[in-house]
Amino acid sequence: MLAYVVHRIGQFVPTLLGVVLLVFVLFNWIGGDPAYLLAGKMPDPERIENIRRQLGVDQPFYVQLWIFIRQAATGDFGASWATNEKVSQIFATRLGPSLTVLVPMLILSTLLAMAAAMLVAYRRGSLTDRAIMIGCTVGQAISILVYIIAFQYCFAYQLGWFPVQGWGYGFAENLLRYGALPIIVGVIVSLAPDIRLYRSFFLDEISQEYVRTARAKGLSEARVLWVHVLRNAAIPIVTNVMIQLPGLLAGAFLIERFFSIPGIGREVILAVERSDFPVIKAVTIYVAVATLILNLLADLLYKAVDPRVRLK
């Protein structure tokens, strides 16, 4: 186990170097000169050169690449071009609000989707199965914007159960008051694709020989499904959850934007609108690091879920 972990951590270095090189090429050779974006609509050459010198983009590419590698290694990406706030400070203050919404949303959507998927897999071909699958198809066809607008109108404007927008200072207040409606929206949006996916996982396991053997031995249907089937279907479910985690931080920008949650997703959108390259670069590197770490954690969870798994 330890040797496997050390080997995987050793693979992080070349992978991150590849990501750093790719990001550097995209931003420096394809992304254009940021000085023109920051100088305004009618810049003069002297102002452009001054901005390029302040940003350090007037230096040779190999010098800029080395600076970027050093930033990625230390986690210090300098200051935001738009607000002059330290990038590390931006992420430190925005991570909490994002996790307050995203972690409960992911847990609830995963548990509810597993329960619903187990139900429809057990009753495959029944009216319940067909009705839920039709509902999932309709749910996937509806844009998340429709859910956000509809839930804000019904539960915030009409019923007044939740605030439309805002964010407080206490964790309990943010989770139960400001974060409740965004979490509900996120769970509803995630349920349809997750139920369809998990249903396929459970159906694959239900048709296996060990299920017929367990039933022949007289085990209850609940034990067969929730112990044997669920345990064997857990590996692809863990994979799906771990794949979602890194993208959730940067991908929940619509929920954070419409509900005015000061999280990372909203900060990424603002950075793109402002052409704030240090923030965008930092997001890219952080997501890459999170992906590598979560992939390693997923492999370790495979071993915990199924002792037959061998880590090599």
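### Digging into the confidence of the model for the protein
Averaged over all residues, the pLDDT of the protein equals 80, while 87% of them reach at least 70. The secondary structure element of the protein with the lowest average pLDDT is helix 2 (residues 34-38), at 63, and the one with the highest is helix 9 (residues 180-206), at 87.

### Some points on a nonpolar patch on the surface
Residues Leu95, Leu99, Val103, Ile107 and Leu111 make up a contiguous nonpolar surface patch of roughly 410 Å² in combined accessible area. For Leu99, the location among the structural elements is in helix 5 (residues 87-122).

### What to know about the packing of helix 8 (residues 171-178) against helix 9
The contact between helix 8 and helix 9 brings their axes to 5 Å, and the two run at 55 degrees. Taken together, the axes of helix 8 and helix 9 lie oblique to each other. The segment helix 8 lies against helix 9, with Asn174, Leu175, Leu176, Arg177 and Tyr178 engaging Ala180, Pro182 and Ile183. Looking at the contact of helix 8 with helix 9, its residues break down into 6 nonpolar, 1 polar and 1 charged.

### Points about the packing of aromatic side chains
The description of an aromatic ring pair uses the distance of the two centres, along with the angle that the planes make with each other. Tallied over the full model, the rule gives 6 aromatic pairs. An angle of 40 degrees between the planes, with centres 5.3 Å apart, marks the rings of Phe151 and Phe155 as tilted. One end of the pair, Phe151, and the other, Phe155, are both in helix 7 (residues 144-158), 4 residues apart, so they sit about a helical turn from each other. Members of the aromatic cluster, each reached through a chain of ring pairs, are Phe68, Phe77, Phe91 and Tyr286. Cation over ring: Lys281 sits above Phe68, and NZ or CZ is 5.2 Å from the ring centre.

### Some remarks on helix 6 (residues 127-141)
Counted at 1.5 Å a residue, the expected span for helix 6 with its 15 residues is 21 Å, and the 21 Å between its end C-alpha atoms agrees. Within helix 6 the residues assigned to the buried category are Asp129, Met133, Cys136 and Gly139. One side of helix 6 carries all its buried residues, which in axial view fall inside an arc of 120 degrees. Exposed and facing more than 90 degrees away from the buried side of helix 6 are Leu127, Arg130, Ile134 and Ala141.

### Regarding the nonpolar core
One finds Tyr198, Phe202, Val229, Ile237 and Phe259 to be the most contacted residues of the largest nonpolar core, which totals 43 residues. Within the residue set of this core, elements represented by two or more residues are helix 5, helix 6, helix 7, helix 9, helix 10 (209-216) and helix 11 (221-251). Aside from chain neighbours lying at most four places away, what touches Val229 is Met118, Phe202, Glu205, Ile206, Tyr210, Val211 and Val224.

### A closer look at the pattern of salt bridges
Counted under the stated rule, the structure contains 4 salt bridges. Among the salt bridges present, the one from Glu267 reaches Arg94, with a minimum N-O distance of 3.1 Å. Placement of the pair is Glu267 in helix 13 (residues 264-274) and Arg94 in helix 5, with a sequence separation of 173 residues. Each member of the pair, Glu267 together with Arg94, is buried. Taking the shortest distance from any N to any O, the salt bridge between Arg177 and Glu173 comes out at 3.8 Å. Of this pair, Arg177 and Glu173 both sit in helix 8, 4 residues apart, which is roughly one turn of that helix. Given the relative accessible area of 34%, Glu173 is considered partly exposed. Salt bridges linked by common partners bring Glu85, Arg94 and Glu267 together as one network.

The rules behind these values
- Residues numbered from 1 in each chain as written.
- Predicted model: local features only at pLDDT ≥ 70, side-chain atom pairs only at ≥ 80, totals over all residues.
- Heavy atoms only, no water.
- pLDDT = per-residue confidence, 0-100.
- Helix = DSSP H or I, 4+ residues; strand = E, 2+ residues; numbered from the N terminus.
- Patch = residues over 30% accessible without salt bridge, like charges linked within 9 Å, V, L, I, M, F, W, Y side chains within 5 Å.
- Areas by Shrake-Rupley, 256 points an atom, 1.4 Å probe, with all protein chains shown as cover.
- Salt bridge = Lys/Arg side-chain N within 4 Å of Asp/Glu carboxyl O.
- Axes fitted to C-alpha atoms, helices over the stretch in contact; angles between N-to-C directions.
- Parallel < 35°, antiparallel > 145°, perpendicular 65-115°, else oblique.
- Contact = heavy atoms within 4.5 Å.
- Nonpolar A, V, L, I, M, F, W, Y, C, P; charged D, E, K, R; others polar.
- Phe/Tyr/Trp six-rings, centres within 6.5 Å; stacked < 30°, edge-to-face > 60°.
- Lys NZ or Arg CZ within 6 Å of the ring centre and 35° of its normal.
- Expected span 1.5 Å × (residues − 1).
- Buried < 20%, exposed > 50% of the residue type's maximum accessible area, 1.4 Å probe, protein only.
- Arc of directions from axis to C-beta.
- Core = buried A, V, L, I, M, F, W, Y, C linked by side-chain atoms within 4.5 Å.

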